[in-house]
Amino acid sequence: MSRPAALSAAAAAALVAALLLLQPEDAGPGAGSSSMAEAEALPEFREAFRMQNKSVFILGASGETGRVLLKEILEQGLFSKVTLIGRRKLAFNEEAYKNVNQEVVDFEKLDDYAYAFQGHDVGFCCLGTTRNKAGAEGFVRVDRDYVLKSAELAKAGGCKHFNLLSSKGADESSNFLYLQVKGEVEARVEELKFDRYSIFRPGVLLCDRQESRPGEWLVRKFFGSLPESWASGHSVPVTTVVRAMLNNAVRPSDKKKELLDNKAIHELGKADASLKP
């Protein structure tokens, strides 16, 4: 396929995905939102969380969301130990990253790397690729098989709170492969019965992605041209997603499963004015 044709196919697929994301979504039971009182208490929750000296792992730290998540975790100083699990070692020059542990694994042979998943209290999974980049089989292998195997090893390794970055519209009965896989993964991770399982379903992620994805660029431009009040219902900045994930992690909860839709992500991600922009 020629490059112009490939770009056209990527753009078309991305626009189809965007249109699917415009559908109204029922967040279902356990959906999270932030009350004003809870938002005011977030600094106290955060400090109490730090005192517990918990450890965390991140899957997908080389991607845009994972990269911002790591940066925010280090800036907030939430965990006593931070471990990245990935297929290659990442290079960091900043002093803040000097104590970050990195475990390089072969995702095709994850059982051989079970040790990398041991001893973490909290896990964040931001692992994923695209059909355009990896093909249909490659997409399923990364977004389903790698994620599920990682979740199994995390559970066996003692992880108590597993956080999954999914997608608005995730539905295992969907005819659209992306949403079908996301929905299937959500359901199968739930079967592992983590003490706490948090699912985040953002709309279109707004960011300046380091990796070139022309189709996503077109979709971001589309949402960027819409009125903010309307676009915010179907898209969300990556930084807002990351802060929602961390604000949710530090606030006490007795729910086994939490499902945060795009609206809840916006609310919780912007709940604490004490964090710098």
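Anything mentioned here points back to the structure above.
Quick look at the structure, then.

### Re the overall build of the protein
Link 1 in the chain: Helix and strand counts for the protein come out as nine helices and nine strands.
Link 2 in the chain: Relative to all contacts within the protein whose residues are 6 or more apart in sequence, the contacts with residues 24 or more apart total 75%.
Link 3 in the chain: Per element, the accessible surface of the protein, about 13700 Å² overall, is 50% carbon and sulfur.

### A few points about the nonpolar core
Across soluble globular proteins, nonpolar side chains show a tendency to be buried alongside one another.
Link 1 in the chain: By size, the foremost hydrophobic cluster in this structure holds 37 residues, and its most contacted members are L69, I73, F79 and F124.
Link 2 in the chain: Residue assignment for this core shows that the elements contributing at least two residues are α2 (36–50), β1 (55–59), α3 (64–76), β2 (81–86), β4 (122–125), α8 (238–250) and α9 (262–269).
Link 3 in the chain: When residues of this core are assigned to their parent elements, the largest contribution, eight residues, is made by α8.
Link 4 in the chain: Apart from the residues within four sequence positions on either side, F124 is in contact with V56, F57, I58, L59, L69, I73, F79, N163, M245, L246 and A249.
Link 5 in the chain: Judged by nonpolar contacts, the second largest core, of 29 residues, contains L148, F162, L164 and L259.

### Digging into the packing of α2 against α8
Link 1 in the chain: For the pair α2 and α8, the least separation of the axes is 8 Å and the interaxial angle reads 70 degrees. Put simply, α2 runs roughly perpendicular to α8. Touching L42, F45, R46 and F49 of α2 are N247, A249 and V250, all from α8.
Link 2 in the chain: Taken together, the residues of the contact of α2 with α8 break down into five nonpolar, one polar and one charged.

### Notes on the packing of α8 against α9
The relative placement of two packed helices is expressed as an angle between their axes plus a distance between the axes.
Link 1 in the chain: Running from N to C, α8 and α9 cross one another at 75 degrees; their axes reach a closest spacing of 8 Å. Considering the angle they form, α8 stands roughly perpendicular to α9. Taking contact as the criterion, the partners of T240, V241, R243, A244, N247 and N248 in α8 are, on α9, I265, H266, L268 and G269.
Link 2 in the chain: Split by residue class, the contact of α8 with α9 holds four nonpolar, five polar and one charged.

### Regarding the environment of G60
Link 1 in the chain: By secondary structure assignment, the location of G60 is in the loop between β1 and α3.
Link 2 in the chain: G60 sits in the buried class, given a relative accessible area of 11%.
Link 3 in the chain: Contacts of G60, omitting those with residues within four sequence positions, involve G66, I85, C126 and L127.

### Concerning the state of the cysteines
Link 1 in the chain: The final tally for this structure, using the stated rule, is zero disulfides.
Link 2 in the chain: Not part of a disulfide, C126 finds its nearest cysteine sulfur in C125, a span of 6.8 Å.
Link 3 in the chain: Of the residues examined, C126 reaches a relative accessible area of 13% and is grouped as buried.

The rules behind the values
Residue positions are given per chain, counted from 1 along the sequence in the order it is written. Given that the model is predicted, a residue must reach a pLDDT of at least 70 before its local features are reported, and side-chain atom pairs must reach 80 or more before they are shown or counted; all residues, however, enter totals for whole chains, interfaces and linings. Side-chain metrics in this entry use all non-hydrogen atoms of the structure; hydrogen atoms and water are not considered. Runs of E in the DSSP output that reach at least two residues are strands. Runs of H or I that reach at least four are helices, and both are numbered from the N terminus. Only heavy atoms matter for contacts: two residues are in contact if any of them lie within 4.5 Å across the pair. All accessible-area figures derive from a Shrake-Rupley calculation using a 1.4 Å probe, and residue coverage is judged against the displayed protein chains alone. What makes a nonpolar core is a set of buried Ala, Val, Leu, Ile, Met, Phe, Trp, Tyr and Cys residues whose side-chain atoms join them at distances within 4.5 Å. Each residue is assigned to one of three classes by its accessible area relative to the maximum for its type, calculated with a 1.4 Å probe on protein chains only: buried under 20%, partly exposed between the two thresholds, exposed over 50%. Here an axis means a line fitted to C-alpha atoms, over the contact stretch when the element is a helix, while the angle between two N-to-C directions is reported on a 0 to 180 degree scale. Throughout this description, any angle smaller than 35 degrees is read as roughly parallel, any larger than 145 degrees as roughly antiparallel, any in the 65 to 115 degree range as roughly perpendicular, and the remainder as oblique. Any residue outside Ala, Val, Leu, Ile, Met, Phe, Trp, Tyr, Cys, Pro, Asp, Glu, Lys and Arg is labelled polar, Gly included; the first ten of those are nonpolar and the last four are charged. Working definition: a disulfide is two cysteine sulfur atoms within 2.5 Å of each other.

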